[in-house]
Structure formats: C-alpha cells, structure tokens
Amino acid sequence: MTTTPAKLMLRALSGEITERPPFWLMRQAGRYLPEYRATRAQAGNFLDLCYNPRLAEEVTLQPLRRYGMDAAILFADILLIPDALGQPLDYLEGEGPVLDPVRSAGELSKLNPENIHKTLEPVYETVSRLSSSIPSDCTLIGFAGAPWTVATYMVEGRGSKDYVNIKKWMYGDPAGFSALMDILVEATIAYLLKQVEAGAEVVQIFDTWAGVLPDDEFRKWVLGPTKRIVEGLRHHHPDLPVIGFPKGVGGNIIDFVEETGVTAVSLDTGTPLDWAARNVQTRVPVQGNLDPILLVQGGAAMENRIAEIINRLKSAPFIFNLGHGIIPQTPPEHVGALSQLIRDGSPS
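Everything quoted here is computed from the prediction, not taken from an experiment.

Scoring rules and cut-offs
- Residues numbered from 1 in each chain as written.
- Predicted model: local features only at pLDDT ≥ 70, side-chain atom pairs only at ≥ 80, totals over all residues.
- Heavy atoms only, no water.
- Buried < 20%, exposed > 50% of the residue type's maximum accessible area, 1.4 Å probe, protein only.
- Helix = DSSP H or I, 4+ residues; strand = E, 2+ residues; numbered from the N terminus.
- Pairing = 2+ DSSP bridges.
- Right-handed = clockwise from strand over helix to strand, strands pointing away.

Asker: What exactly am I supposed to notice about the pairing of strand E6 (residues 242–246) here?
Answerer: Consecutive side chains of a regular strand alternate in pointing toward one face of the sheet and then the other. With five of its five residues buried, E6 lies for the most part within the structure. Where burial is concerned, the two faces of E6 agree: the one with Val242, Gly244 and Pro246 and the one with Ile243 and Phe245 are both buried. When strand E5 (residues 202–207) meets E6, the two strands line up parallel, connected through five bridges. Counterpart to Ile205 in the pairing with E6 is Gly244. Where the polypeptide runs from E5 across helix H10 (residues 215–236) and back to E6, its parallel neighbour, the crossover connection is right-handed. In the sheet, E6 pairs with strand E7 (residues 264–266) via two bridges, with the strands oriented parallel. Across the sheet, Gly244 pairs through a bridge with Val265, a residue of E7. Handedness of the crossover is the feature at issue here: the chain leaves E6, passes through helix H11 (residues 252–260), returns alongside E7, and the resulting connection is right-handed.

Here it is, written out as structure tokens:
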C-alpha cells in the first residue's frame, strides 16, 4: 500500500490535483527583504553567507515567516560547485559572479573533484538544520545548477550575452568539453545526494541558459547530462521528486520531460499556458510561471494574471511559482498579496 504524502507540495508532485496549488517562489529569500539585507550585512559577503549554516538557515526561513510558502528552498548558489572544485570565485558588487575562466581541456587539471564535500559541508549542515526548523507542513527543496548553465559561468568567467567562449570550445573540441561536463555531472550527483541525505525532500535542477543552444547541442549538453543526474539520484533514492527548469527552451521542453525522467518541470514566463496544459501537464506536474515583473508591479495586473495561471492549470497537478526568480526591486507587500490570493482563492 502506497502512503499518500501529507505535504501539499509533495502531493502535487505525486500527481495529485490539490485543493489549492502549493506555492513557493524562486529566490524567495533575497534582497527584496529588509531582514535578508540585514543578515547579509552581518555575514560580510555573499559567499560567507552561503557557507554560514546559521545565517543561511535564517535567510531561508525569513520568507516562510512572512508569507507561509508551502516549500523552503535551501539558500545557496549554483556556483558553489565550481568554487568547491577549486575554481576561484568572487561576487563583485554591481557585477555578480566572477571566476577565473577554464577554457580548454588542458585547464581541467586545475579542478579537483575529489575535494568538493569538504568545501560544501556547511551547505549540508544548513540543509540538516532546515529539516528540523521549517514548519511541519513545509517541503524542503535542495537544488543545484545544471551542468550546462554552471559551465557557461566557468568558461565565460562571468555572466554572458553571447556565450562565445563556451560555444567555441563546445564546437571546436567536443571531446574536451565533454570532459568538463562529465566532471560537473558527477559533482552535481554527489552534491545533491548529500543534500537529500541531510534532509532535502525534493531537488530542483536549474538550467537557466538551456535556451541558448540549438536543437542538436541541446540534446548533447542539456538532455543527456540531466538524464544522467536524474538516474544517478534515483539509483540511491528511487522515489525522489526531481524538478527540472530548462529556461527558454520552447517546444524542446517536451523532449526534456520525456527523456530526462524528471518528476515535474518548471515553466518560464514565455511558455504559453494553454499549450503547456495540453502538451506538458498531460505528462508531468508543472510549476510556474508568473512574470517576476508583475510581482514588482502588483495590483490588478498581478492579481488577474495569478487568477489566469491558476484557472488554466488547475485541472492537473500544478505548483504555483514565478517564471524566474524574484528581483530585488520587488515590494515585499506584493509578495504578501500573492500569498493571500493563493491561500484564500484568486479573484475570478
């Protein structure tokens, strides 16, 4: 006899149509909250915050106290894996992450996959602390960046608009580039398994830059690595829910769902709702996809779109979220209004 999960988020992920959609928001712990800014100032810098279990636990809990989300997502960053592999990483004010780039197979010797858990141990402690400190009806989500997206930062050395360096390596030396991706696949499996062992109930794989690849390369560097990660996790935890987020891939999201084995998929803001209901939600539960800028705007425009998203996706398993992360300009009261609408019923 299979026991039905009690938590709303887990029920939706198990394929149940719930009485209301569970909700959480990507980057729900972040700079839009004054208490987060105060905690980050206490930590010193962003990496110090990620590696301080007490403070990382605190910022993870902050949005739950304010808004009562149905899930908490570990506060960390997708670039902790390159940092743990030994690639120098810094976060510059106004610029974001900056890394010493790795741009050839010959430079892979700089990376040390054997040593990642020593660096990442504070993250596992944060997960363990959260597993007992979040509300009993709240689901704990662990996460990692997908190998392709993490590789874009490792190769470009920072965020990019054209991805010239990584694509040149990918096209010019596919075997060498594959060696980097193999390192990232194995490190990601190991990292997520440790999160699950520490108490994560669900994991999400963020592939923010999946949409910059043409179809054939998408199959090689997004579908293949994600499938290997899901299989690696399920080898140890056969029932682990895994949410994929291949942002910007359009119709390729169907192949993503069918070939990777993810439990559910997160929809970006550009995914048409009716198309998603017909073509994606018939295969797996979906999550999404309010435009984060509507959360900045608030008011009737936000409320109407929340209602529309729920009405179009409520007939199959569904988790409410954004189409990408909360941005710093978001007024906290707008997140409160969103929470109230979802919990009490959106205006029709």
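Asker: Help me understand the pairing of strand E2 (residues 89–92) in this model?
Answerer: Burial of E2 is one-sided: the residues Leu89 and Tyr91 facing one way are buried, the residues Asp90 and Leu92 facing the other way are not. Bridge count between E2 and strand E3 (residues 96–99): four bridges; the pairing is antiparallel. Each residue of the ladder has a partner; that of Asp90, found in E3, is Val98. Taking the residues between adjacent antiparallel strands as the criterion, E2 and E3 are bridged by three residues, where Gly94 takes a positive phi near 85°.

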